[in-house]
There are 2 protein chains.
Amino acid sequence: MLLYADSQFTSPYAMSVFVALKEKGIDFELRTVDLNAGANRAAGYAAQSLTQRVPTLLDGDFALSESSAITEYLDEVHPGTPLYPTQAKARARARQVQAWLRSDLMPIRQERSTDTVFYQPANVALSDAALAAAAKLFHGADALLGDGQEYLFGTWCIADVDLAVMLHRLILSGDAVPPKLLAYARHQWQRPSVQEWVNLPRPPL
Amino acid sequence: MLLYADSQFTSPYAMSVFVALKEKGIDFELRTVDLNAGANRAAGYAAQSLTQRVPTLLDGDFALSESSAITEYLDEVHPGTPLYPTQAKARARARQVQAWLRSDLMPIRQERSTDTVFYQPANVALSDAALAAAAKLFHGADALLGDGQEYLFGTWCIADVDLAVMLHRLILSGDAVPPKLLAYARHQWQRPSVQEWVNLPRPPL
Ligand SMILES: [Ca+2]
Ligand SMILES: [Ca+2]
Ligand SMILES: [Ca+2]
Ligand SMILES: [Ca+2]
């Protein structure tokens, strides 16, 4: 298989698929697309990526974009570590988390871009809008995560990675994060597949 | 079951779940949440909706938000019309379409809000950014939809509804839409479950 990611390896969505491939033990080539140069809109890439975004996975001649669609696909067609819970309601909640993190909490995503996660922390305080988004994030995460639980849904799933990234946007810039969620996110961050992404060699920004 | 939608019935995501429930033949109560009054952030609703958004589905005491997570759940636990393709690659592409329409094409979603679909067409021309998003939408939709095909993936699926709504943001305000996509979207719009949503009685804006 072949995974297209951004040149800086800062896309949280490319990261999610990268971790999924590692967890599944799938051999794959990692190739980069220079988003700053608009390479995602060039004819060659756009012919493979319906959405002209990263990540895109190539499985033979089957090309698929949108990270949550890719991880669902990988889970359906490949054995190995399950990426989603097997019980229907827990699986529904994992999908809920993924959809939520991809479509809401915009002030956090803007003021704590993943450049602040993988390159350099932010040195500007969060706006009121971002603090409100953080409060909402904490409330939702706390409701899902049982006290003293290692993972959202009993055993590890891909939504744990996505949630840990969102929390690390705050953690790594020194923003206040409740202790339970801080401990949870730091634990997720130590997972070997996650550390492989974190430690990828990156070009200067 | 109980479905929470917005008071104006303009949420394309509430619509997607409404159509899914109708297609499954599931009896449900439709209840509204006044987003303009912030009722989605009130304690009662927020206790049920992790994301404090509509739609939220209640299945007994199981509460679930985020429309694509809800339609996946309904498809897994209820017989009746399939909401997603059964073949893995087609199902992956349907999820790709849903994720894409929920996280991209923002200029269209802003300049052609669903108020323009369900209340009154826009009378302002699209910006260059929205025209570029429309071109991207048309390119992606055309690539997925075979010439003369009734549905994206052979038989009807929930992604057909989501794509038809996005196209209707343009169609109903008189923006140029390629003939193949215009015919496709108009055909989807006539589906009885879709017409039930379109024809819901709405309060003044
Ligand atoms: Ca960048
Ligand atoms: Ca709790
Ligand atoms: Ca409204
Ligand atoms: Ca075609």
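Residues numbered from 1 in each chain as written. Chains lettered and ligands numbered in written order. Predicted model: local features only at pLDDT ≥ 70, side-chain atom pairs only at ≥ 80, totals over all residues. Heavy atoms only, no water.

Caption draft 1: Fine view of the interface of chain A and chain B. In this assembly, 32 residues from chain A lie in contact with 32 residues from chain B. Roughly 3000 Å² is buried in total at the junction of chain A and chain B, and carbon and sulfur atoms are behind 60% of that figure. It is L50, R95 and Q96 of chain A that lose the most area in chain A upon contact with chain B, and together they represent 22% of the buried surface on that side. In this assembly, chain A and chain B are joined by 8 salt bridges. For E76 of chain B, the salt bridge goes to R95 of chain A, with nearest N and O atoms at 3.0 Å. Between the two partners, chain A and chain B, sit 10 residue pairs in polar contact (both at pLDDT 80 or more). Those elements that place two or more of their residues in the side of chain A that touches chain B are β4 (62-65), α3 (67-77), α4 (88-103) and α7 (128-144) of chain A. Grouping the amino acids of the side of chain A that touches chain B by side-chain chemistry returns 13 nonpolar, 8 polar and 11 charged. (Contact = heavy atoms within 4.5 Å. Buried area = accessible area lost by both parts, 1.4 Å probe. Salt bridge = Lys/Arg side-chain N within 4 Å of Asp/Glu carboxyl O. Polar contact = N/O pair within 3.5 Å; in protein donor to acceptor, adjacent residues only side chain to side chain. Helix = DSSP H or I, 4+ residues; strand = E, 2+ residues; numbered from the N terminus. Nonpolar A, V, L, I, M, F, W, Y, C, P; charged D, E, K, R; others polar.)

Caption draft 2: Representation of the UniProt feature "domain: GST N-terminal" (unreviewed entry) in chain A. If you check UniProt for "domain: GST N-terminal" (unreviewed entry), the listed places come out as residues 1-82 of chain A in our numbering. End-to-end, the C-alpha atoms of residues 1-82 of chain A are 18 Å apart, and along that stretch the chain is 37% helix and 22% strand. (UniProt positions renumbered as here; feature names shortened; annotations may be inferred.)

Caption draft 3: Up close: unusual backbone geometry. Residues V54 of chain A and P55 of chain A are joined by a peptide bond in cis, for which omega reads 0°. Relative to the elements of secondary structure, P55 of chain A occurs in the loop between α2 (43-48) and β3 (56-59). The residue L105 of chain A is not glycine, and still its phi comes out positive at about 65°. Classification of L105 of chain A by relative accessible area gives buried; the value is 1%. Its identity as a non-glycine residue notwithstanding, F9 of chain B has a phi of 55°, on the positive side. Looking at the element boundaries, F9 of chain B is found in the loop between β1 (2-6) and α1 (12-24). (Buried < 20%, exposed > 50% of the residue type's maximum accessible area, 1.4 Å probe, protein only.)

Caption draft 4: Expanded view of the domain arrangement of chain A. All names here are of chain A. For chain A, the domain assignment lists domain 1 (2-82) and domain 2 (88-191). For domain 1 and domain 2, the distance between their C-alpha centres works out to 22 Å. With 16 residues of domain 1 at the contact, the number on the domain 2 side is 17 residues. At the boundary of domain 1 with domain 2, the tally comes to 2 salt bridges. Put simply, R191 and E23 hold a salt bridge, and the shortest N to O gap is 2.7 Å. Counting every contact that joins domain 1 to domain 2 gives 5 residue pairs in polar contact (both at pLDDT 80 or more). Only α1 (12-24) and α3 provide two or more residues apiece to the side of domain 1 that touches domain 2. (Domains from an automatic or database assignment.)

Caption draft 5: Focus on the sheet that holds strand β1 (residues 2-6) of chain A. Residues and elements named next belong to chain A. The strand order β2-β1-β3-β4 describes an open sheet built from 4 strands, whose pairing is mixed. Only two strands of the sheet have a single partner each, and these edge strands are β2 (29-33) and β4. Across the sheet, the mean angle from the axis of one strand to that of its neighbour is 20°, orientation sign disregarded. The pairing of β1 with β3 spans 3 bridges and is classified as antiparallel. Bridge assignment links Y4 to a residue of β3, and that residue is T56. In the packing of α1 onto the sheet, the strands contacted are β1, β2 and β3, and the crossing angle to β1 comes to about 150°. (Pairing = 2+ DSSP bridges. Axes fitted to C-alpha atoms, helices over the stretch in contact; angles between N-to-C directions.)

Caption draft 6: Representation of the environment of S173 of chain B within the structure. Residue and element names in this part refer to chain B. Within the secondary structure, S173 sits in the loop between α8 (158-171) and α9 (179-189). Each C-alpha atom of the pair S173 and R31 lies 29 Å from the other, and the pair is 142 residues apart in sequence. Contacts of S173, omitting those with residues within four sequence positions, involve R112, T116, P121 and A122.

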